[in-house]
Amino acid sequence: MRYGKERRLRAVTDEWLEQFNDELRKKDVPHKRRPWDAWREWSKHVGVSTSLGDEDVKKIFEWFEKNTKAGSQYLGSMYVGSLEGVKSFV
């Protein structure tokens, strides 16, 4: 997929995010997954590896938080654990 400006431009734009989000909406991609897919696609789009600390990646996540239903970006608990049955060795 190619969205927006030429590859040499690195700054992610609202226009690119809107276009990509429209594609994800048409494919019924869950809201929680969209910023992660956008991050991956943006890295491919600009041809460089990016990390969570990069300004363009921060903008992607901020854009999805601002432009989607409140709370739809939260993943919730990742792990459920139990100490039941664990004996103390003291």
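This text follows the structure it describes.
What you are looking at is a predicted structure, and each value in this text was computed from that prediction instead of being measured.

Procedures and definitions
- Residues numbered from 1 in each chain as written.
- Predicted model: local features only at pLDDT ≥ 70, side-chain atom pairs only at ≥ 80, totals over all residues.
- Heavy atoms only, no water.
- Helix = DSSP H or I, 4+ residues; strand = E, 2+ residues; numbered from the N terminus.
- Buried < 20%, exposed > 50% of the residue type's maximum accessible area, 1.4 Å probe, protein only.
- Contact = heavy atoms within 4.5 Å.
- Areas by Shrake-Rupley, 256 points an atom, 1.4 Å probe, with all protein chains shown as cover.
- Core = buried A, V, L, I, M, F, W, Y, C linked by side-chain atoms within 4.5 Å.
- Axes fitted to C-alpha atoms, helices over the stretch in contact; angles between N-to-C directions.
- Parallel < 35°, antiparallel > 145°, perpendicular 65-115°, else oblique.
- Left-handed = near helix turned anticlockwise from the far one by under 90°.
- Salt bridge = Lys/Arg side-chain N within 4 Å of Asp/Glu carboxyl O.

Helix and strand counts for the protein come out as three helices and zero strands. Considering the protein as a whole, with its 90 residues, one finds that 30% of them fall into the buried category. Pairs at least 24 apart in sequence give 58% of the contacts found in the protein among residues at least 6 apart. Per element, the accessible surface of the protein, about 6900 Å² overall, is 54% carbon and sulfur.

Counting residues in hydrophobic clusters, the biggest one holds 12 residues: Val12, Trp16, Leu17, Phe20, Leu24, Val29, Ala38, Trp42, Val46, Ile60, Trp63 and Phe64. For this core, the secondary-structure elements that each account for two or more residues are helix 1 (14–26), helix 2 (34–46) and helix 3 (55–67). Residue contributions to this core peak at four residues, all from helix 1. Residues within four places of Trp63 in sequence aside, it is in contact with Asp14, Leu17, Glu18 and Asn21.

With their axes 9 Å apart at the nearest point, helix 2 and helix 3 run at an angle of 150° to one another. Relative to helix 3, helix 2 is oriented roughly antiparallel. For the pair helix 2 and helix 3, the sense of crossing is right-handed. Between helix 2 and helix 3, the contacting residues are Arg34, Pro35, Trp36, Ala38, Trp39 and Trp42 on the first element and Asp56, Val57, Ile60, Phe61 and Phe64 on the second.

Our focus in this paragraph is the pattern of salt bridges. Applying the stated criterion to the full structure yields six salt bridges. Asp37 is paired through a salt bridge with Arg33; the nearest N and O atoms lie 2.9 Å apart. According to the relative accessible area criterion, Asp37 is buried, its value standing at 5%. Linking Lys58 and Glu55 is a salt bridge whose minimum nitrogen-to-oxygen distance equals 3.4 Å.

What is shown is where atoms sit, not what they do.
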